[in-house]
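# Structural characterization, general
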Amino acid sequence: MAQGKVHRGLQHRSAEERANARRSMVACNRCRSRKTRCAGNPPYPCAACEDVGYDCVYSEAEKRVSITESYFRRLLSDAQAARQDGNRPPPPAPNSTSASQSTSLTPVETSLERDDWWYNGADNLFLNRSGEHQYIGASSATHLAKRLNPTSKNLALDARPLYDDPTSLRRSISPALPQLPPFEYAKRLYWVQYSYIGTIFSLIQPHDYEERLYIVYHQPPDLFNRESCLVYCQVLLIISYGLMYSVNQWSGDDGPPGFKYFKHALRFLPDIHEEGSIFFVEVLCYVAYYMQNLNRRDAAFLYIGTALRMAISLGLHQEASDPAMSEEDRNRRRRSWWSVYSLDRLLSVKSGNPITIQDEDIGTTWPRPINPGDVVPWPSVVLIHYTQLSRILGRIGEEIYRKKPRSGSNLLLSVQSIMDELFDWLRRVPDRLRIDFSTLGTHINRESVSLFLHFYSCVNMTARPLVFYVIQRRLDAETAGSVTDDWKKGLSQNAVQVIESCISAARATIMIMDAASKQNLVATYGYLDGEYIFSAALLLVMVNAAFPHNDSNARSMATALNLLRGMADRGNTILEARHSLLLELQSVIGPNRSGDVDNNAMDIPATPASIQKHTPSSSVVEHSTRTGPRPQNQDISSVQDISFNFDVNDDPGLWEEVLHQIDIDMDTDWIEQALRK
């Protein structure tokens, strides 16, 4: 390492010399971290450091070399094999003559000025702007997209927050509040956020919010009182959520709608070293989920982990033994526990991180009626069924993606057990919560949307390793010229059922979101809605690439891309980048895979929401107005009747091969080969 100190003589370099200084081939550490141009000349300090009296330091950079992309892929492949089978020498580098003669090979060059600074190899890490690594686990859809196309620049925004100013979330020392909305409007904002997250996460009751809202509007905050700070923090958070879910058009780099209230809410958040409380846990949950909506995944993981650990420290994961505690207080503990538990499962598994607590360590029951003989309140019914899915999601993350089964038979048994549990859940869902796909265009409620998007996502994630293995195998067969029109050939009946369930789940997700968007029930800037659409769209793009043409799958893919495009056009920059990535992947399909799809049918997908014309006030479907193909809900509804009875001796070799694909290391050569056609 060479270090240049600011000497007296160097401080008096003429202005002409500094003005004519050329950009250094090696930037100093300070300029490199600030991502600014550096005009230094090692060992002399650069002008930027010299102006502020900063000790200018140059770190010797590694030499960069250019190699062909095929050789780069071979090095990666050998490195992976070496970790499993012991060291082996790398393949010989291609000579300059052969490399120059091959026009189909693209050089891979790593330079100081590369734009895709976030990419650092085909692993689970992203680089953020400060140079720190961010981990994306194997169960994350982002991880899958990166493995499919590791050199894409459209994933760069997945490592960035949803705003540009890095100081946006720093606590302000001023106790002043932002301009609050009118009191009655602030009351309505509670019900806006309630319709999206208030039933699936029970973090505050309506009467408590109105009491705390009155305090915020009529009393100054006491910054030295923890309870007062929590009241102000929670009210500002709910206002920010209400605005985020109610505003449907946004542009700019100052955060999503309501962001300024979130920034002020953080100022009132007590320090973690203060004494915990159920109220504190509930506020931390709000903060964690908002951070996830901002694409601050690490911050969300930290906040929800803190909330869960605080809940554990308060004993919320066990039934209280105090006989003097009222049933109402017990139910609050139960609601708070299952809310933080469910949110932890969601944020952890969706980002590929480990869950925080195992189910065998939990002794808390579901919320109960206060009076014997009463029915469970409806919000608690929704919370219970949603949390049951989150519990299954935790199994998916741990048993399939994180703790890899030791054999293909164990993987098969895990898939069977999880699928059986999912469809057992489906059979027990109350009719009031079910989605009728034949009436999606006339009636749908947000709590059912949230619930069934969660369900179909669990189906998708459980079956995804098998689906992508079969897709990869078909792509390899196509390259070899031996692909058949029957993708089911050679697969057992149960394996086919798993794959068809996964595809049906993706199509059902898009049908639900398409109908919800037409009734203004999509959270344009919310995390989960965008995640569900992207995950389903990614699977449909690959299915359309590898499987024989299917009109329903093609229309669902087109609908999914249109939904992402619509959310991107309204200011969701994360989904804009993801939409561009999917178009990038779709472009490798080629004309030979597009099929004979009617363009009008692609523009108007065959979903009940789009083929049944009605007015918002109409409660009757006018079947006579149907145009275009038949709705694609017949096979979706049949998912409810599927059950699996796997035989561990049924094609064990298939599951052994699937086991090695759990990292979702999809065929990146597929993209290269398709681009060469």
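Here, every reference points to the structure presented above.
Attention in this report is confined to the structure presented alongside it. Only a predicted model underlies this, so the values are computations on that prediction, with no experimental measurement involved.

### Description of the packing of aromatic side chains
Here the distance between the centres and the angle between the planes together describe a pair of aromatic rings. Summed over all chains, the structure comprises 27 aromatic pairs. Arranged with centres 5.2 Å apart and planes meeting at 85 degrees, the rings of Tyr241 and Tyr290 form a pair that is edge-to-face. Here Tyr241, found in helix α10 (residues 226-246), pairs with Tyr290, found in helix α12 (residues 278-293); they are 49 residues apart in sequence, far enough to count as distant. Pair check on accessibility: Tyr241 and Tyr290 agree, each one buried. Where Phe259 meets Phe262, the ring centres are 6.4 Å apart and the plane angle is 25 degrees; that geometry is what we call stacked. One end of the pair, Phe259, and the other, Phe262, are both in helix α11 (residues 259-268), three residues apart, so they sit about a helical turn from each other. Take Phe262: its relative accessible area is 0%, and that puts it in the buried class. One aromatic cluster in this structure is built from Tyr196, Phe201, Tyr241, Tyr245, Phe259, Phe262, Tyr286, Tyr289, Tyr290 and Tyr386. In this structure, Arg432 packs its charged tip against the face of Trp378, placed 3.9 Å from the ring centre.

### Some thoughts on the side chain of Arg446
Mapped onto the elements, Arg446 comes out in helix α17 (residues 446-480). A distance of 2.8 Å separates the side chain of Arg446 from the side chain of Asp529, its partner in a polar contact. Non-local contacts of Arg446, meaning those with residues more than four positions away in its chain, are made with Ser195, Tyr196, Leu521, Val522, Ala523 and Asp529.

### Regarding α10
The end-to-end C-alpha distance of α10 is 30 Å, a good match for the 30 Å that 21 residues give at a rise of 1.5 Å each. In terms of residue burial, α10 counts as a mostly covered element, since 18 of its 21 residues are buried. With a side-chain oxygen positioned 3.0 Å from the backbone nitrogen of Glu227, the residue opening α10 is Asn225.

### Some thoughts on the pattern of salt bridges
Under the counting rule described, the total for this entry stands at 15 salt bridges. Its salt-bridge partner being Arg334, residue Glu319 comes within 2.8 Å of it at the nearest N-O pair. Linking Glu319 in the loop between α13 (297-313) and α14 (327-350) with Arg334 in helix α14, this pair joins segments that are 15 residues apart in sequence. Relative accessible area serves as the criterion here: at 2%, Arg334 is assigned to the buried category. A salt bridge links Asp424 to Arg428; its shortest N-O distance comes to 3.1 Å. Here the residue Asp424 and the residue Arg428 both occupy positions in helix α16 (residues 408-428), the gap between them amounting to four residues, near one helical turn.

### Remarks on the packing of helix α20 (residues 551-569) against helix α21 (residues 573-586)
With their axes 8 Å apart at the nearest point, α20 and α21 run at an angle of 150 degrees to one another. Overall, the two elements α20 and α21 adopt an arrangement that is roughly antiparallel. Where α20 crosses over α21, the two elements pack in a sense that is left-handed. Residue-level contacts link Met557, Leu561, Leu564, Arg565, Met567 and Ala568 of α20 to Leu575, Glu576, His579, Leu582, Leu583 and Gln586 of α21.

### Thoughts on unusual backbone geometry
Positive phi is not limited to glycine here, since Asn295 has a value of about 70 degrees. Turning to its location among the elements, Asn295 is positioned in the loop between α12 and α13. Judged by relative accessible area, which is 10%, Asn295 ranks as buried. Backbone geometry places Asn520, a non-glycine residue, at a positive phi of 60 degrees. One can find Asn520 in the loop between α18 (493-518) and α19 (527-546).

### Side note on the nonpolar core
Counting 165 residues, the largest nonpolar core has Trp337, Phe452 and Phe455 as the members making the most contacts within it. The dominant element in this core, judged by the number of residues it contributes, is α17, at 17 residues. Looking at which domains feed residues into this core, each of domain 2 (183-370 + 380-402) and domain 3 (431-589) supplies at least three. When near neighbours in sequence (up to four residues on either side) are disregarded, Phe452 contacts Trp425, Leu426, Val429, Leu433, Arg434, Ile435 and Ile512. Among the nonpolar cores identified, the runner-up in size contains eight residues, and Ala27, Cys46, Cys56 and Tyr58 belong to it.

### Concerning the environment of Asp485
Mapping Asp485 onto the fold places it in the loop between α17 and α18. Its relative accessible area of 71% is what places Asp485 among the exposed residues. Sequence spacing of Asp485 and Pro548 is 63 residues, and the spatial spacing of their C-alpha atoms is 6.0 Å.

Rules of the game
- Numbers given for residues are sequential positions, taken from 1 along each chain in its written order.
- Per-residue local features are limited, in this predicted model, to residues with pLDDT of at least 70; the limit for side-chain atom pairs, both in listing and counting, is 80 or more; totals at the level of whole chains, interfaces and linings are taken over all residues.
- Hydrogen atoms and water are omitted, and side-chain values are computed over all heavy atoms in the structure.
- Two aromatic rings from Phe, Tyr or Trp, using only the six-membered ring of Trp, form a pair when their centres are within 6.5 Å; if the ring planes differ by under 30 degrees the pair is stacked, by over 60 it is edge-to-face, and anything between is tilted.
- Secondary structure elements are taken from DSSP: a helix is a run of H or I of four residues or more, a strand is a run of E of two residues or more, and numbering for both begins at the N terminus.
- Per-residue accessibility, obtained with a 1.4 Å probe over protein chains only, is compared with the maximum for each type, and a residue is labelled buried under 20%, exposed over 50%, and partly exposed between these values.
- Remark: a charge is flagged as sitting over a ring if the NZ atom of Lys or the CZ atom of Arg is within 6 Å of the ring centre and within 35 degrees of the ring normal.
- For this analysis, a polar contact is any N or O atom pair within 3.5 Å, provided that within protein one partner can donate a hydrogen and the other can accept it, and provided that sequence-adjacent residues contribute only side-chain to side-chain pairs.
- Should any heavy atoms of two residues lie within 4.5 Å, those residues are considered in contact.
- Helices are assigned an expected span. That span is 1.5 Å times one less than the residue count.
- Here a salt bridge means any side-chain nitrogen of Lys or Arg lying within 4 Å of a carboxyl oxygen belonging to Asp or Glu.
- Here an axis means a line fitted to C-alpha atoms, over the contact stretch when the element is a helix, while the angle between two N-to-C directions is reported on a 0 to 180 degree scale.
- To sort the angles, those under 35 degrees are grouped as roughly parallel, those over 145 as roughly antiparallel, those from 65 to 115 as roughly perpendicular, and the leftovers as oblique.
- Two helices that cross are described as forming a left-handed crossing if the nearer one is turned anticlockwise from the farther one by less than a right angle, and a right-handed crossing if clockwise.
- To define a nonpolar core, start from buried Ala, Val, Leu, Ile, Met, Phe, Trp, Tyr and Cys residues and group those joined through side-chain atoms within 4.5 Å.
- Source of the domain bounds: an automatic or database domain assignment.

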